[in-house]
Each structure stands twice: as structure tokens, then as C-alpha cells.
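# Descriptive structure summary
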Amino acid sequence: MRVPLSWLREYVDLPATETGRDVQAKLIPAGLEVETVEQLGADLKGPLVVGQVLTIEELEGFKKPIRFCTVDVGRANGTGEPQEIVCGARNFSVGDKVVVVLPGATLPGGFSISARKTYGRVSHGMICSADELGMGDDGTHGIIVLPPEHEVGTDAIELLQLVDEVLDIAVTPDRGYCLSIRGVAREAAIAYGRPLLDPALLDVPAPNAFGHPVKIADPFGCDRFTARTVTGLDPEARSPIWLQRRLQKAGMRPISLAVDITNYVMLELGQPLHAYDRSRVQGTIGVRRAERGEQLTTLDGVTRTLSAEDLVITDDRGPIGLAGVMGGANTEIDDTEGTTTEVVIEAAHFDPVAVARTARRHKLSSEASRRFERGVDPQAASAAAQRTVDLLVLLAGGTAEAGVTEVVAPSAPRTLTIPADHPDKVAGVSYGRETVVRRLQQVGCDVYGQDELIVTVPSWRPDLTDPNDLAEEVIRLEGYENLPSTLPRPLPGRGLTARQRLHRRVGRALAGAGYVEAPNYPFLGEAVLDQLGLDADDPRRTRVTLLNPLSDEEPSLRTTLLPGLLGALRRNDGRGSHDLALFETGLVFRPTGQEEPAVRLPADRRPADEQLAALDAALPRQPRRAAVVLAGAREQAGWWGKGRPADWADAIEAARTVAREAGAELSIRADQHAPWHPGRCAALYAEVDGAETLVGHAGELHPRVVKAMHLPERTCAMEVDLDLLQRAGDGVARAPRISAFPVATQDVALVVDKPVPAADVEAALREGAGELLESIRLFDVYENAEQLGDGRKSLAYALRFRAADRTLTVDEASAARDAAVALAAERTGAELRS
């Protein structure tokens, strides 16, 4: 909303010294987003005067038409002699009144005017166009031709209102009343503590039976319709300069007198209006829902097929306008032919939702629809119609008919009850009853009562629907900047929860292992699940779909962390970073289908425990997970030796790193699970609540997945459930035990069948070694059919033994090793390699 300061001053007696910047500084704390203050004519300097063209001489021999003119500017040039000016425009004639800038003046943009020789003649100034004066688009092209009543030599700067300041306000959806000079003036009056000269306070005649007939078939869609008729209009009448300039400053283009007046009143009062050529309206004007398939050609020349939900204005022929959006071409006031002498003025109030949906359905946003969908004052319709009639009578010489049509659906003002100290509790500030009542009255409310206030909301504030809205108005007008900053005081002894501590430990551990955290948006689409090769019945395909997603390609909440991480890995690889190790921790969303519909919580009090429980029951299961992806080199090559590419073992080791932070022990087994390679996929198990439970998977991705997602070759990944690992662990991070006694190391090489998992051999060795075993590590895997036999492999383990209270003897360490080997041989068929 563009608000000229000169227009605003008509309704608020602002101090004469106040500038646009000063008004901006007052309105911003009141909640209006004044984005800019435009200085019109700030660098304009006269003399700029009204002149009359005396003679025109056409100059020949040039590539374009050039005219040498003499112009009477009165005594503005100091001599009274005609001013000689060279001009290339051709839209004026001898006797026309024009705007002349004389030597010594400066036009907008710092363009200085001086006498100069051009086209063989000396030009002493310029005859100006609207663009050259910074007036914007006035709907014409070429030189400004003024009405003949303006005297020669008159100061054109004042006449054309070229010097002004314009506030550009970004009006939020809840402040629709500020899409008018009246609404902004109300806020300025409150901010300055000055009275408001309300332009809607007009003497309006009572409705009678003599006005143009109107029939409302949908009182919910249109609860108020006022119709007035003006006859005897002068078809040659044009909008005066002051009216055109105010429209231009507000960002609208002058069109014709009748249309300009309706636009002017809309900007002034916030009530959209429409003017119909009475001779082109047939019969009763009606308001109804459109019939499916009906067509209407709107004022922009587009023929639109209507929906059954569209609200339309009709006459006996059918639709003549989209209610609250745009009128129809079949009743348009045709200013080009100059035949309109009678108009019917429509001032109505339409349902905001119906108007908004129609505007979006037809992709037809207009000044009227933007106001209706944000809320228009229904009580202003009669005043707006009267204001329009008055201006038509004044400027077009018309006569207002006595008939006044007003159709009003029964309604009552909204009344709210609010404790007098409610704003105090919301803001944490003691305002007091007197301040609360005064501020609500400034907003326009009628307030009664003592401790319990009964507040009647003004008609122009449809956004005030509950006590918290009223409290916000009090706080806003008292100043958000005056609210104290109070830091919350946590209860003593409360710190991070066990879940939060585990989350931080896992992040630090993975970062220490060389991984980089890469948080991603929690959204995914069907396409990425297909790329991952998930089966049709895979639980990860059961998703929560958002009603209003950020992207139509990713309309659902994620069920796994891998798509986001793999996308990040692909982007970084494409930008030249080929050695990557990324991780992420976060929630995934796994609906069960048993969720209850969500309940609507109250806004004026704390929800009951039952309501909160019902809300929790409506949520899907949200397990917390950790995942890593790897590609490229895990160890860099250099002078120290060869590097090593990342492989499935690194993904498994990342899972062990996470499990160690949770105090859990993982069991590793071969598995087949999308999106991993069927021969290089490990299932990760941990003991949860006394039962061995699957907690995740790790390994190398399937080649088809790598190809489909355009990933580097041999990309590896891991994903585990942190909540399950937390339940599997003891929850306490234990420091490593330091012993003063030496360690005894025993190496064993066991030959087993190739299908035997190394994890099973390790588990048997660990159990057989007993309490003296401190650690066990697989350091070599060897396969050779000639030495070991077909289908056999050698697993070499380093066993470290240590006692807490003594130095172990060789016999004790050997006995523990032999016991470990014996149990491994019993369970897995392992044989000591000779």
C-alpha cells in the first residue's frame, strides 16, 4: 500500500515538521511494515510553469519530425516575451496549455535545463512529458496537455503536486484495514495521539424502494449490497489533476473519470466499488453462485469458464462480473466512445474465502480481491457509495437519483469477554485496567465492565476473534520495544537428558572418526524410494504425506536418513570433492496406520493432559537414527605409503563407533537388505530388553542403486536406530580401566569353512577366554586352496590378556588361549593353523 503523506495529512493533523521518515519511525513500532519512504521531487527545482502554445513551425530536413514552438509563459521568464522551444512531440496543438520548464531549472534525476542550440534553433527550455517530471504512468504518451482553465505562468510544481513523500507499506494479511488511507490514518492518529478525521463519517440517505433492483441469492457469500444511481453525467468530463496525481502516487493509473473515482474511494476508504453503465445493465442485479460451465468475459478481455464455487454478479442475461474480483466487459463504462451518461454504483461486502478462492482459481488477483480476502469493513459500503456519488456529481456534473438500494443480511457485532488483567499476564507487564481500556478504545472497540471486560470488536477488524488478539493489540500499541527481556530460569540440577547426551556423544565420536555432519531436510518422494530398490511392501514406503509440502517432488516425511545423505554425497562429488565421509543424526517418521485424528488444542488456556495425550496418539512413530555414507579414499596415499579406499568394513566400524557411545555390543551377521549389495551387507544386532534385536544395517550399496542415484562406485552406507542402541546399552559412558600390570598377547590362526562368519568365531573365542581377556582383534584373513583346502579360510586373531591384581604367567595366558580355541573349535569347527 502506497500512502502519499500529503493525503494522509488530510485525515490526521500531523505536526508540520514531521517528515515521511518520522512517520515511518512511528508506524513501524505500531506493527506496520513501512518498507521505504519515496521522496518525490526531492531534486526538482523550478521554474516550472503553465504555458500556452502560440505558434508551431514544422522544421524540415531531419530524420524525425521536429517542431519549433513559441509558448506564452507570462512573467515567469522575467520578460513576458514568448519562450522559444524546440520539441519533438506531436500530441499538442496551438492554443493548448502545457507544462514548460525554463532555463535554470533542474528536472528529476539531476537533469539541468539551459538554453542550447539544437536542430539549427536555440531552445530556451522544454515542454515536458509526465515521464520527464517523474509523474509515473498517466495512461497517455507524449506532452502533458493541461485543462484550459489553468492560467499561464502558474507554478506547475504545486499544480501537479510534484513534491511529496510516499510511504510504501507491506500490509500483513491480518491488517487488511490498512489497505486504505483511512486505515493507515487511524494507526497514525493513535501513534501521534491526534484525533482522526474519519472520511467515512458521511450523511447517507436511508434505503428506500426506488433504487435499482437487487436480489441476493447467496446471503452467506454476499451479506451486504448497496446500489446507487447517478444520471446526467458529462461524457466529456475528465479526472482533475489532483485526482490523477493521487492515484499515480498510490501506484494506480488514471483511466476515466468514473473508474478513477471508484479507485480513489477504494484507496481512501478501503471499500472496493464497481461502476456499471446503466444502459448496458438489463433488469435486476443479482448475486449468486455460478453454474458450472457458464462463461464471462472480464474487463481484461479474457473469456473465463466459471466454476460452481465462483460468486458472480448477474443481470437478466447472466453473469456480468466476478464478485469482489473483476467486472465483466458487457457492462463496462466505455470512455473511448463517450456515451456513458448514467452509472450504477455497486458497494458490496463479499465472503473473503469465496473471493480468495475465485481469484486463485482464475489466476486473477486484483486490487479489489486483495482487499476482500484480507477483510473489508462491511459498515463502510454505504459511506463509500455515497462518497462515490458525491464525487460524480461534483466532477462529472451528474445528478444523484433519490433511490437507495441496500440489501443487508442480519448479523450482530462480535463481542468478546476478557479479564482486565489478561494482557498483563500475556506480556508479563502490569498495564492496569485503565491502559487496557484506553488502548482497546483507540483500536475502535466498545469496552464495558470492571474486572471482566465486555469488548465489542469494530467492524473493520475481522481478525480480532479471541482474547489473545485483544491482548496483542494492547501490547502492540504500548510498544513491543517496552517489553522487558527476561531470561528463563531452569530448575537447579536439571541438565541434558540421557537421550541428549547420547546424541552429542555420537556426533563427537563420528566427527572424531573423520566424518562430517551433513543435516538434510526431512522430506522425500516416491522416486528416491524406487532408486533405492525398496520392495513394494517395504515398511519404508509407508510414509506421512504433508498437506502443504515445500516441494511437490518431496511431499512426504522421511522414513530413512539415507536419501538425504546420499543426495549430499552426490552433490559434493559432482563439485569435485571425491573423498567423502558424511553422517547425520535425526528423526525418521514411521506411521503404523493406528494413529488417531489430531485434536484441535485451545489457544486461551493450557491443554488438559488428556488433550495432550490425544495429540501424541495422532503422531506417527518417530525413532531417532544415525547414518553414515562413504565414498572415495578412506586413507590418503602419500610418502608414507599407499592409501586405502572406503569399503563395507568402514561402514560396519562406524556402527561399532556409535554402539560404543551407547555402551552396547553389536553382533554382525550377513544379510540381504535394500539398498545394500546382497553379498556385502551386514545386519547389526544388539541385545535389547533381554532379546537379540535388529538395530540397523551397514555395507556397500547395490550397484543398481549406485547407478540410479549417480553415486561414486563402491559407495558404502550405514544406518542404525539410536533409540534401540540406547536401550541396549547401560547408558553410562565408562572411562577405560588403566592397569599397572603388563599385558600378555597371544596370537591364534584358526582355519574354518568360508561360510562361517568371523563374528561367530570371535564370539566363541571371547567367551572361552574368560575374564582374563582384555580385547580381541581380527588382524588377518587368508585364503589359499593349496595350503588350506577348498572352501576354507584362515582367521588370525590377537588376544590380549591382563589381570587386575597381578602379572600373568605364561601358563595362565596359554591356558586362557587354549580354552578360547577349544570353544571355537566346538562351536564353529575351527582348527588351529599349523
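Residues numbered from 1 in each chain as written. Predicted model: local features only at pLDDT ≥ 70, side-chain atom pairs only at ≥ 80, totals over all residues. Heavy atoms only, no water.

## What about the sheet that holds strand β2 (residues 33-40)?
Sheet architecture is open: three strands sit in the order β1-β13-β2, paired in antiparallel fashion. Both outer strands of the open sheet, β1 (2-4) and β2, are each paired with one neighbouring strand and no more. In this sheet, adjacent strand axes meet at a mean angle of 25 degrees when their direction is disregarded. Bridging between β1 and strand β13 (residues 164-170) involves three bridges; their strand directions are antiparallel. Paired with Pro4 across the bridge in β13 is Val166. On the sheet, helix α2 (residues 20-27) packs against β2 and β13 and is oriented at approximately 175 degrees with respect to β2. (Pairing = 2+ DSSP bridges. Helix = DSSP H or I, 4+ residues; strand = E, 2+ residues; numbered from the N terminus. Axes fitted to C-alpha atoms, helices over the stretch in contact; angles between N-to-C directions. Contact = heavy atoms within 4.5 Å.)

## As for the pattern of salt bridges
Taken as a whole and judged by the stated rule, the model has 62 salt bridges. Note that Arg182 is salt-bridged to Asp377, the shortest N-O span being 3.2 Å. Taken as a pair, Arg182 in helix α4 (residues 181-192) and Asp377 in the loop between α8 (367-372) and α9 (381-396) lie far apart in primary sequence, 195 residues in all. Across this residue pair, the class does not change: Arg182 and Asp377 are buried. As a salt-bridge pair, Asp689 and Arg727 come within 2.3 Å of each other at their nearest N and O atoms. (Salt bridge = Lys/Arg side-chain N within 4 Å of Asp/Glu carboxyl O. Buried < 20%, exposed > 50% of the residue type's maximum accessible area, 1.4 Å probe, protein only.)

## Examining the confidence of the model for the protein chain
In regions of low pLDDT, the predicted coordinates are not meant to be interpreted in detail. The pLDDT averaged across the protein chain works out to 91; a share of 98% of its residues lies at or above 70. The element-level mean pLDDT for the protein chain is lowest in helix α21 (residues 785-788), coming to 84, with strand β38 (residues 716-721) highest at 97. (pLDDT = per-residue confidence, 0-100.)

## Details of the side chain of Thr118
The residue Thr118 is located in strand β9 (residues 116-118) in this model. The buried category is assigned to Thr118, whose relative accessible area is 17%. Setting aside residues up to four positions removed in sequence, Thr118 forms contacts with Val86 and Ser123.

## Quick look at the sheet that holds strand β28 (residues 516-517)
With mixed pairing, the seven strands of this open sheet are ordered in space as β28-β31-β32-β38-β37-β36-β35. Whereas interior strands pair on both sides, the edge strands pair on one side only; in this sheet they are β28 and β35 (667-670). As paired strands, β28 and strand β31 (residues 580-587) are joined by two bridges and run parallel to one another. For Val516, the partnering residue across the bridge sits in β31 and is Leu582. With respect to the sheet, helix α17 (residues 648-662) is in contact with β32 (624-631), β35, β36 (676-688), β37 (691-701) and β38, its orientation differing from that of β38 by roughly 25 degrees.

## Focus on unusual backbone geometry
Here the residue pair Gly46 and Pro47 is connected by a cis peptide bond, since its omega of 10 degrees sits within 30 degrees of zero. Looking at where Pro47 falls in the secondary structure, it is placed in the loop between β2 and β3 (48-59). Going from Ala674 to Pro675, the amide bond is cis rather than trans, its omega being 10 degrees. Not every positive phi belongs to a glycine, and Gln161 is a case in point at roughly 50 degrees. Counting through the fold element by element, Gln161 comes out in the loop between α3 (156-159) and β13. Of note in this structure, His710 is not a glycine but carries a positive phi near 55 degrees. As for its position among the elements, His710 is in the loop between α18 (703-708) and β38.

## Thoughts on helix α6 (residues 257-269)
Between its first and last C-alpha, α6 extends 18 Å over 13 residues, near the 18 Å set by a 1.5 Å rise per residue. In terms of residue burial, α6 counts as a mostly covered element, since 12 of its 13 residues are buried. Within the span of α6, buried status applies to Leu257, Ala258, Asp260, Ile261, Thr262, Asn263, Tyr264, Val265, Met266, Leu267, Glu268 and Leu269. Tucked into the core, α6 has its buried residues touching α1 (5-8), α4, α5 (241-249), β16 (274-277), α8 and α9. Positive phi shows up at Gly270, right after α6, with a value of about 85 degrees. (Expected span 1.5 Å × (residues − 1).)

## Re empty space enclosed by the protein
The final tally for this structure, using the stated rule, is three cavities of 30 Å³ or more. Taken as a whole, the second largest cavity encloses approximately 120 Å³ of empty space. If you go around the second largest cavity, you meet 16 residues; those closest to its centre are Tyr177, Ser180, Leu269, Gly270 and Asp377. Residue classes in the lining of the second largest cavity are distributed as six nonpolar, six polar and four charged. (1 Å grid on protein atoms, 1.4 Å probe; cavity = no way out; pocket = protein on both sides within 12 Å on 5 of 7 lines; lining within 4 Å. Points joined across faces, edges and corners; volume = space filled by probe spheres on them. Nonpolar A, V, L, I, M, F, W, Y, C, P; charged D, E, K, R; others polar.)

## Here's the deal with the packing of helix α11 (residues 433-443) against helix α12 (residues 467-478)
Viewed as axis vectors pointing N to C, α11 and α12 meet at an angle of 95 degrees, and their least axial separation amounts to 9 Å. Judged on the interaxial angle alone, α12 and α11 are roughly perpendicular. Between α11 and α12, the residues in contact are Thr435, Val436, Arg438, Arg439, Leu440, Gln442 and Val443 and Leu470, Glu473, Val474, Leu477 and Glu478, respectively. Here the residues of the contact of α11 with α12 sort into six nonpolar, two polar and four charged. (Parallel < 35°, antiparallel > 145°, perpendicular 65-115°, else oblique.)

## Observations concerning the side chain of Arg541
The residue Arg541 is located in the loop between α14 (526-531) and β30 (556-557) in this model. The exposure class of Arg541 is buried, given its relative accessible area of 16%. Among the polar contacts listed, one links the side chain of Arg541 to the side chain of Glu526, at a separation of 2.6 Å. (Polar contact = N/O pair within 3.5 Å; in protein donor to acceptor, adjacent residues only side chain to side chain.)

## A word on the environment of Pro213
Within the element layout of this structure, Pro213 appears in the loop between α4 and β14 (214-216). According to the relative accessible area criterion, Pro213 is partly exposed, its value standing at 43%. The spatial distance from the C-alpha of Pro213 to the C-alpha of Glu10 is 36 Å, given a sequence separation of 203 residues. Look past the residues within four positions of Pro213 in its chain and what remains in contact with it is Thr284 and Ile285.

## Side note on the packing of aromatic side chains
One pass over the structure, following the stated rule, counts six aromatic pairs. A centroid spacing of 4.8 Å and a plane angle of 15 degrees characterise the contact between Trp7 and Tyr264, whose relative ring orientation is stacked. A residue pair is termed long-range when its members are at least 10 positions apart, and Trp7 in helix α1 and Tyr264 in helix α6 qualify at 257 residues. With a relative accessible area of 0%, Trp7 lands in the buried category. Ring geometry for Phe62 versus Tyr119: centroids 4.9 Å apart, planes at 90 degrees, classification edge-to-face. With a gap of 57 residues between them, Phe62 in the loop between β3 and β4 (66-72) and Tyr119 in the loop between β9 and β10 (121-123) connect regions that are remote in the sequence. (Phe/Tyr/Trp six-rings, centres within 6.5 Å; stacked < 30°, edge-to-face > 60°.)

## Side note on the environment of Phe523
If you trace the backbone, Phe523 turns up in strand β29 (residues 523-524). Through-space distance from the C-alpha of Phe523 to that of Val544 is 9.8 Å; in sequence the pair is 21 residues apart. When near neighbours in sequence (up to four residues on either side) are disregarded, Phe523 contacts Leu546, Leu550, Glu554, Ser556, Leu557 and Arg558.

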